[in-house]
Amino acid sequence: MSRRVVRRALTGYALLLPSLIGVGCFLLLPIAVVAWLSVHSWNLLGPVRFVGWQNWRAVLGDRPFWHALLVTLALTALVVPVQTVLGFAVAALLARRRGSTAWQVVYALPWMCAPVAVGVVWQWVFAPTGGALNAVLGRRIEWLSEPALALPSVAAVSIWSNVGYVALFFVAGIRAIPADLLDAGALDGATGWRRIRWLVLPLLRPTMFFVLVTGMLAAFQTFDTVYALTKGGPDHRTDVVAMRIFGEAFDAARPGRAAAMALVVCAVMLAITAVQHRWFRDRTTYEY
């Protein structure tokens, strides 16, 4: 191997080193610590004790944890499809307008706001007495206290927060589609809905895959908004898995069990992502 090849390889690794350090320190190391902690017992103050699979057996038999996981799956099923459809609709309107940068910023503002602040504002909107939504409807509805309405209300806030973020990616994807392809489709009669169905959506599958995966991951990590709105109530109807992990780690002072819960949730997210990847793999092209 020539010195030039070795020098180029070393230069490449040197340029990658900052990123590799970041991945190691902020991704791989925390995962390793969580895995190590899941087989140890610690009350945040005393010594750490090795307990083997005791934490895992406790978590796998913990009905409140599985209930929280089901609530999180329900929240994800409510949020991700709706925010994706609305985000695409907004993007389709913005992509056709010139000078839409200001509107993109406006739509993205809710996503950039602190989730706790968003939750406090929506608490006032959903308030049964003096709330903005009930004032508009002219009737009293317990949006956050009624078990049947609490989770859809939380989902609505998450959708409102994320639609602008989703729309930004779809706008970029739509504008990256070559005009020649759209013009050729128009000559073949692909206009209106046919243009969207047979041209735009198939070419947006890489963007769609990214939006669905990141949306699912964000929904599984929902914490701040739920904590500000309902704190998991009423009757544990909005007790998402992130709140359950937080409570186990800090309220119950059992970070070992919380670590095991986090790894179970990670496995579920990886499984869902693998299914999405398998579906999109043979249906996606990255070249126009």
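Attention here is on the structure that accompanies the text. Here, residues in each chain are numbered from 1, in the same order as that chain's written sequence. Reporting in this predicted model follows two pLDDT cut-offs: at least 70 for local features of residues, and 80 or more for side-chain atom pairs to be given and counted; totals over whole chains, interfaces and linings ignore these cut-offs and use all residues. Excluding hydrogens and water, the side-chain figures rest on all heavy atoms present in the structure.

### Points about a nonpolar patch on the surface
Part 1 of the reasoning: On the surface, Tyr13, Leu16, Leu17, Leu20 and Ile21 cluster together into a nonpolar patch covering about 520 Å² of accessible area.
Part 2 of the reasoning: Along the chain, leucine 17 falls in helix H1 (residues 3-37).
Part 3 of the reasoning: Think of it in three bands: residues with accessible area under 20% of the maximum for their type are buried, residues over 50% are exposed, and the middle band is partly exposed, with areas taken using a 1.4 Å probe on protein chains only. We classify leucine 17 as partly exposed; its relative accessible area is 44%. A patch is a set of surface residues, each over 30% in relative accessible area and not in a salt bridge, joined within 9 Å for like charges and within 5 Å for the nonpolar side chains Val, Leu, Ile, Met, Phe, Trp and Tyr. All accessibility values rest on the Shrake-Rupley procedure with a 1.4 Å probe; residue burial counts only the protein chains present in the view. Just to be clear on terms, a salt bridge is a Lys or Arg side-chain nitrogen sitting within 4 Å of an Asp or Glu carboxyl oxygen. By the criteria applied, helices consist of DSSP H or I runs no shorter than four residues and strands consist of E runs no shorter than two, each listed in order from the N terminus.

### Digging into the pattern of salt bridges
Part 1 of the reasoning: Applying the stated criterion across every chain yields a total of three salt bridges.
Part 2 of the reasoning: With its nearest N and O atoms 2.8 Å apart, the salt bridge here joins glutamate 142 to arginine 140.
Part 3 of the reasoning: The residue glutamate 248 makes a salt bridge to arginine 254 at a minimum N-O spacing of 2.6 Å.
Part 4 of the reasoning: Taking the relative accessible area as the measure of exposure, arginine 254 reaches 36% and is therefore partly exposed.

### Observations concerning a positive patch on the surface
Part 1 of the reasoning: Positive charges come from Lys and Arg alone, negative charges from Asp and Glu alone, with His and the N- and C-terminal ends not counted. Working definition for charges: the position is that of NZ of Lys, CZ of Arg, CG of Asp or CD of Glu. Residues Arg3, Arg4, Arg7 and Arg8 make up a contiguous surface patch of positive charge.
Part 2 of the reasoning: Residue placement: arginine 3 occurs in helix H1.

### Some details on the packing of aromatic side chains
When we look at a pair of aromatic rings, we describe it by the centre distance and by the angle of the planes.
Part 1 of the reasoning: Stacked, edge-to-face and tilted are the three classes for Phe, Tyr and Trp ring pairs, Trp counted by its six-membered ring, which pair at centre distances within 6.5 Å; planes under 30 degrees apart are stacked, over 60 edge-to-face, the rest tilted. By the definition in use, this model includes 14 aromatic pairs.
Part 2 of the reasoning: Considering the side-chain rings of phenylalanine 88 and phenylalanine 170, the 5.6 Å spacing of their centres and the 85° angle between planes classify their relative orientation as edge-to-face. Placement of the pair is phenylalanine 88 in helix H3 (residues 63-95) and phenylalanine 170 in helix H7 (residues 147-176), with a sequence separation of 82 residues.
Part 3 of the reasoning: Exposure remark for phenylalanine 170: the relative accessible area of 0% places this residue in the buried category.
Part 4 of the reasoning: Ring geometry for phenylalanine 126 and tryptophan 143: centres 6.1 Å apart, planes at 40°, overall tilted. Placement of phenylalanine 126 in helix H5 (residues 115-126) and of tryptophan 143 in the loop between helix H6 (132-137) and H7 is noted, with a sequence separation of 17 residues between them. One exposure class covers both phenylalanine 126 and tryptophan 143, and it is buried.
Part 5 of the reasoning: Ring pairs connect the aromatic residues Trp111, Tyr165, Phe169 and Phe210, which therefore count as one cluster.
Part 6 of the reasoning: The rule for a charge over a ring is simple: NZ of Lys or CZ of Arg within 6 Å of the ring centre, and within 35 degrees of the ring normal. Between arginine 197 and the ring centre of tryptophan 198, over which it is positioned, the NZ or CZ distance is 4.3 Å.
Part 7 of the reasoning: Over the ring of tyrosine 227 we find lysine 231; its NZ or CZ atom is 5.1 Å from the centre of that ring.

### Notes on the nonpolar core
Part 1 of the reasoning: Residues Leu75, Trp122, Phe170, Val200 and Leu204 are the most contacted members of the largest nonpolar core, which totals 45 residues.
Part 2 of the reasoning: The greatest single-element share of this core, amounting to eleven residues, is contributed by H7.
Part 3 of the reasoning: By definition, residues are in contact when any of their heavy atoms lie within 4.5 Å. Apart from residues no more than four positions distant in its own chain, leucine 75 is found in contact with Leu151, Val154, Ala155, Ala219, Thr222 and Val240.
Part 4 of the reasoning: Buried residues of nine kinds, namely Ala, Val, Leu, Ile, Met, Phe, Trp, Tyr and Cys, make up a nonpolar core once their side-chain atoms join them within 4.5 Å. In this structure, Val39, Ala249, Val264 and Met269 belong to the second largest nonpolar core, which totals 17 residues.

### Thoughts on the environment of alanine 135
Part 1 of the reasoning: Assignment of secondary structure puts alanine 135 in helix H6.
Part 2 of the reasoning: A C-alpha to C-alpha distance of 24 Å links alanine 135 and glycine 233, two positions 98 residues apart in sequence.

### Some thoughts on the environment of threonine 11
Part 1 of the reasoning: Mapped onto the elements, threonine 11 comes out in helix H1.
Part 2 of the reasoning: Remark: the alpha-carbon pair of threonine 11 and valine 275, spanning 264 residues in sequence, is separated by 38 Å.
Part 3 of the reasoning: Between N or O atoms, a polar contact is any pair within 3.5 Å; within protein, one atom must be a potential hydrogen donor and the other a potential acceptor, and residues adjacent in sequence are included only when both atoms are from side chains. Polar side-chain contacts of threonine 11 include one of 2.8 Å to the backbone oxygen of arginine 7.

### Details of the environment of alanine 155
Part 1 of the reasoning: Within the secondary structure, alanine 155 sits in helix H7.
Part 2 of the reasoning: Put simply, alanine 155 and alanine 74 are 81 residues apart on the chain and 9.5 Å apart in space, counted from C-alpha to C-alpha.
Part 3 of the reasoning: Leave out the neighbours within four places in its chain, and alanine 155 touches Leu75, Leu78 and Val79.

Geometric values such as these leave the question of function open.
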